[in-house]
Amino acid sequence: MERTLIIVKPDALQRNLLGEIIGRFERKGLKIVAMKMERISDMKVAEHYAHHVDKPFFPELKGFMQAAPVVLMVLEGLEAVEAVRLITGETKGRTADAGTIRGDLAMSMQANIVHASDSVENGIAEVARFFEESEVMEYDKNDAEWVYSKEELA
Ligand code: CMP
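Keep in mind it's a predicted model, so treat the numbers as computed, not measured.

### Examining the site of the ligand
Inference 1: Taken together, the residues surrounding the ligand are Lys9, Tyr49, His52, Phe57, Leu61, Thr91, Arg102, Met109, Gln110, Asn112 and His115.
Inference 2: For the ligand, an oxygen atom lies 3.1 Å from a polar atom in the side chain of His115.
Inference 3: When the free accessible area of the ligand is taken as 460 Å², the share hidden by the protein chains comes to 81%.
Inference 4: Considering only residue class, the shell around the ligand consists of four nonpolar, five polar and two charged.

Have a look at this one:
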């Protein structure tokens, strides 16, 4: 099964949206295999947003991401990266599709509630950036046969 990294950003924590966000992922049928709260270090912000470090908005983005703890999660599922991207919605909250996390809960480009890995390769790299392999749990979830078909689970 595929894995994807979620960062529940400081705006979600400050706006009491943590339960709502975790609930949406759970209700979709995604399996939470790792979760912790962390203040993101300078090094990890720079690594995680390496493609943005030269952008004019980077200093404010960095300050925003470090202004409060974030909640880091690894979600597992069939085509989990794409499934989560669809639930998350486009980057800019105010124009993201209704029904998505950002479309329903955010107005901003920067304060957009969650980060989700944008490709399978980045999912693998981002999970490894924030979690030791020993922190990622392997367990049977007893709803799997109701979430997927036998063929999908094989
Ligand atoms: P995320 O999915 O975490 O990936 C990069 C983040 O940079 C993005 O969500 C936004 O929070 C932020 N971001 C992207 N573009 C802009 C922008 N033009 N201005 C401010 N923040 C941005």
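### Concerning the pairing of strand β1 (residues 2-8)
Inference 1: Along β1, five of the seven residues are buried, which leaves the element largely enclosed by surrounding structure.
Inference 2: Looking at chain direction, β1 and strand β3 (residues 70-77) are connected through seven bridges and run antiparallel. Within the sheet, the bridge partner assigned to Val8 lies in β3 and is Val71.

### Observations regarding the sheet that holds strand β2 (residues 31-38)
Inference 1: An order of β2-β3-β1-β4 is seen for the four strands of this open sheet, with the pairing classed as antiparallel. The sheet is open, and its two edges are formed by β2 and β4 (114-116), each paired on a single side. For this sheet, the mean angle separating the axes of adjacent strands, direction not counted, is 20 degrees.
Inference 2: Its contacts with the sheet put helix α2 (residues 18-28) on β1, β2, β3 and β4, and the angle it makes with β3 is roughly 5 degrees.
Inference 3: Sitting on the sheet, helix α7 (residues 120-130) is in contact with β1, β2, β3 and β4, with an inclination near 60 degrees to β1.

### Considerations on α7
Inference 1: All buried positions along α7 are accounted for by Gly123, Glu126, Val127 and Phe130. Along the long axis of α7, the arc covered by the buried residues comes to 100 degrees, so they all point the same way. Opposite its buried face, α7 presents the exposed residues Glu121, Ile124 and Ala128, each directed more than 90 degrees away.
Inference 2: Residues of α7 that are buried sit in contact with β1, β2, α3 (42-48), β3 and β4.

### Overview of the side chain of Thr88
Inference 1: By the element assignment, Thr88 lies in helix α5 (residues 80-88).
Inference 2: Take Thr88: its relative accessible area is 2%, and that puts it in the buried class.
Inference 3: Polar contacts involving the side chain of Thr88 include one to the main-chain carbonyl oxygen of Val84, which spans 2.7 Å.
Inference 4: The contacts of Thr88, once residues within four sequence positions are left out, are Thr100, Ile101, Arg102, Val114 and Ala116.

### Thoughts on the packing of aromatic side chains
Inference 1: For the coordinates displayed, the defined rule picks out zero aromatic pairs.
Inference 2: The ring of Tyr139 is capped by Lys31, whose NZ or CZ atom sits 4.7 Å from the centre of that ring.
Inference 3: Positioned over the ring face of Phe131 is Lys36, at 4.5 Å from the centre of the ring.

### Some details on the pattern of salt bridges
A side chain with one charge can pair with a side chain of the opposite charge if their charged atoms come near.
Inference 1: For the coordinates displayed, the defined rule picks out 10 salt bridges.
Inference 2: Residues Glu38 and Lys44 are paired through a salt bridge, measuring 3.3 Å at the closest nitrogen-oxygen approach. The pair Glu38 / Lys44 is uniform in exposure class, with both members buried.
Inference 3: Notably, a salt bridge pairs Asp143 with Lys141, separated by 3.0 Å at the nearest N-O pair.
Inference 4: According to the relative accessible area criterion, Asp143 is partly exposed, its value standing at 27%.
Inference 5: By relative accessible area, Lys141 is classed as partly exposed at 32%.

Cut-off values and rules
- Residues numbered from 1 in each chain as written.
- Predicted model: local features only at pLDDT ≥ 70, side-chain atom pairs only at ≥ 80, totals over all residues.
- Heavy atoms only, no water.
- Near = heavy atom within 4 Å.
- Polar contact = N/O pair within 3.5 Å; in protein donor to acceptor, adjacent residues only side chain to side chain.
- Areas by Shrake-Rupley, 256 points an atom, 1.4 Å probe, with all protein chains shown as cover.
- Nonpolar A, V, L, I, M, F, W, Y, C, P; charged D, E, K, R; others polar.
- Buried < 20%, exposed > 50% of the residue type's maximum accessible area, 1.4 Å probe, protein only.
- Helix = DSSP H or I, 4+ residues; strand = E, 2+ residues; numbered from the N terminus.
- Pairing = 2+ DSSP bridges.
- Axes fitted to C-alpha atoms, helices over the stretch in contact; angles between N-to-C directions.
- Contact = heavy atoms within 4.5 Å.
- Arc of directions from axis to C-beta.
- Phe/Tyr/Trp six-rings, centres within 6.5 Å; stacked < 30°, edge-to-face > 60°.
- Lys NZ or Arg CZ within 6 Å of the ring centre and 35° of its normal.
- Salt bridge = Lys/Arg side-chain N within 4 Å of Asp/Glu carboxyl O.

Everything listed here is a matter of coordinates, which is why it stays silent on function.
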